[in-house]
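These are the residues of each chain, in order.
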Amino acid sequence: MTVSKKSVKKPDETRKFPKGKLEVVKVGDFTFGRGTFQPGWKWSKAVKPIAKTDSCQAHHVGYVISGQMAGVMDNGTKWQISAGDVIDLPPGHDAWTVGKKPVVLLDFMGAAEYAK
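Every chain is numbered on its own, with residues counted from 1 as its sequence reads. Per-residue local features are limited, in this predicted model, to residues with pLDDT of at least 70; the limit for side-chain atom pairs, both in listing and counting, is 80 or more; totals at the level of whole chains, interfaces and linings are taken over all residues. Water and hydrogen atoms were dropped before computing side-chain values, which therefore reflect all heavy atoms in the structure.

Comment: elements are numbered from the N terminus, with helices defined as DSSP H or I runs of at least four residues and strands as E runs of at least two. The helix and strand tally for the chain stands at two helices and nine strands. Of the regular secondary structure in the chain, the N- to C-terminal order runs β-β-β-α-α-β-β-β-β-β-β. Radius of gyration: over C-alpha atoms. The globule rule applied is 2.2 Å multiplied by the number of residues raised to the 0.38 power. A compact globule built from 116 residues would reach a C-alpha radius of gyration of about 13 Å, and the chain, at 14 Å, matches this within 12%. The C-alpha extent of the chain, read off along each of the three principal axes, is 45 × 30 × 25 Å. Pairs of residues are marked as contacts when any of their non-hydrogen atoms sit within 4.5 Å. At a minimum sequence separation of 6, the contacts of the chain that also span at least 24 residues come to 58%. For the accessible areas, the method is Shrake-Rupley and the probe is 1.4 Å, while residue cover comes only from the protein chains on display. Surface summary for the chain: the accessible area is close to 6,800 Å², and the carbon and sulfur share equals 55%.

Structure (structure tokens):
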């Protein structure tokens, strides 16, 4: 058995999009992402043109370090997350930052294909 370690300070890849970025670190078969979303960011404006889907199709399982984000599922269900929350967010959603603080979100599941 071996231990693998990398730092998000030196990500394997940084995917930039308007008012945000995703820093991607790959460790073994695992892909981890640290997303930073500035005030005014909205998935349907910033990432939709990259993803070319009507809504975000990534399944995010993550932890919110800072800020607040809100969103709506394709079925109309509204949601909101804040610093300290752990989220399991299924595919089929739009999202946007709330307030004047950037959102920093650790994504343990959806980073592999996000914003590609």
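As a further point, take a nonpolar patch on the surface. Together, Phe30, Tyr63, Ile65, Val86 and Phe108 make up an exposed nonpolar region whose accessible area comes to about 470 Å². Mapped onto the fold, Ile65 is located in strand 4 (residues 60–66). The patches reported here contain residues having more than 30% relative accessible area and no salt bridge. Joining distances are 9 Å for like charges and 5 Å for nonpolar side chains (Val, Leu, Ile, Met, Phe, Trp, Tyr). Whenever Lys or Arg places a side-chain nitrogen within 4 Å of a carboxyl oxygen from Asp or Glu, that contact is recorded as a salt bridge.

Put simply, the largest pocket is a space of about 160 Å³. Looking at the largest pocket, it is lined by 13 residues, and the ones nearest its centre are Gln57, Ala58, Glu113, Tyr114 and Ala115. Under the scheme applied, nonpolar residues are Ala, Val, Leu, Ile, Met, Phe, Trp, Tyr, Cys and Pro; charged residues are Asp, Glu, Lys and Arg; polar residues are all the others, including Gly. Of the residues belonging to the lining of the largest pocket, the class tally is nine nonpolar, three polar and one charged. With a 1 Å grid laid over protein atoms only, a set of points is called a cavity when a 1.4 Å probe fits there but cannot get out and a pocket when it is open yet has protein on both sides within 12 Å along at least five of seven lines; lining residues have an atom within 4 Å of a point. Grid points are joined across faces, edges and corners, and a volume is the space filled by probe spheres set on the points.

Each residue is placed in one exposure class: buried if its accessible area under a 1.4 Å probe, protein chains only, is under 20% of its type's maximum, exposed if it is over 50%, and partly exposed if it falls in between. Within strand 3 (residues 30–37), six of the eight residues are buried, which leaves the element mostly enclosed by the surrounding structure. By the convention used here, strands pair only if DSSP detects at least 2 bridges between them. Sheet topology note: the strand 2 (residues 20–27)/strand 3 ladder contains eight bridges and is antiparallel. Looking at the pairing, Lys21 lines up with Thr36 of strand 3. Following strand 2, the chain reverses through two residues before pairing antiparallel with strand 3; Gly28 in that reversal takes a positive phi of roughly 60°.

What follows covers the pairing of strand 4. As judged from the four bridges shared by strand 4 and strand 7 (residues 86–89), these two strands associate in the antiparallel manner. Bridging from a neighbouring strand, Gly62 pairs with Ile87 of strand 7. Note that strand 4 and strand 9 (residues 103–107) share four bridges and pair antiparallel. From the neighbouring strand, Gly62 faces strand 9, where its bridge partner is Asp107.

The next subject is empty space enclosed by the protein. Following the criterion strictly, the structure yields one cavity of 30 Å³ or more and no others. Within this model, the largest cavity holds a volume of roughly 140 Å³. What lines the largest cavity is a set of 15 residues, and nearest its centre among them are Phe37, His60, Met69, Leu105 and Tyr114. Across the lining of the largest cavity, the residue classes tally to eleven nonpolar, three polar and one charged.

What follows concerns the sheet that holds strand 6 (residues 78–82). Strand order in this open sheet of three strands is 6-5-8, and the pairing throughout is antiparallel. What marks the edges here is a single partner per strand, and that holds for strand 6 and strand 8 (93–98). Averaged over all adjacent pairs, the angle separating strand axes in this sheet is 20°, with direction ignored. Of the strand pairs in this sheet, strand 5 (residues 68–73) and strand 8 are connected by six bridges, and their pairing is antiparallel. In the strand pairing of strand 8, Gln68 is matched with Val98. Here an angle of 0 to 180 degrees is reported between the N-to-C directions of two axes, which are lines fitted to C-alpha atoms, with helices fitted over the stretch in contact.

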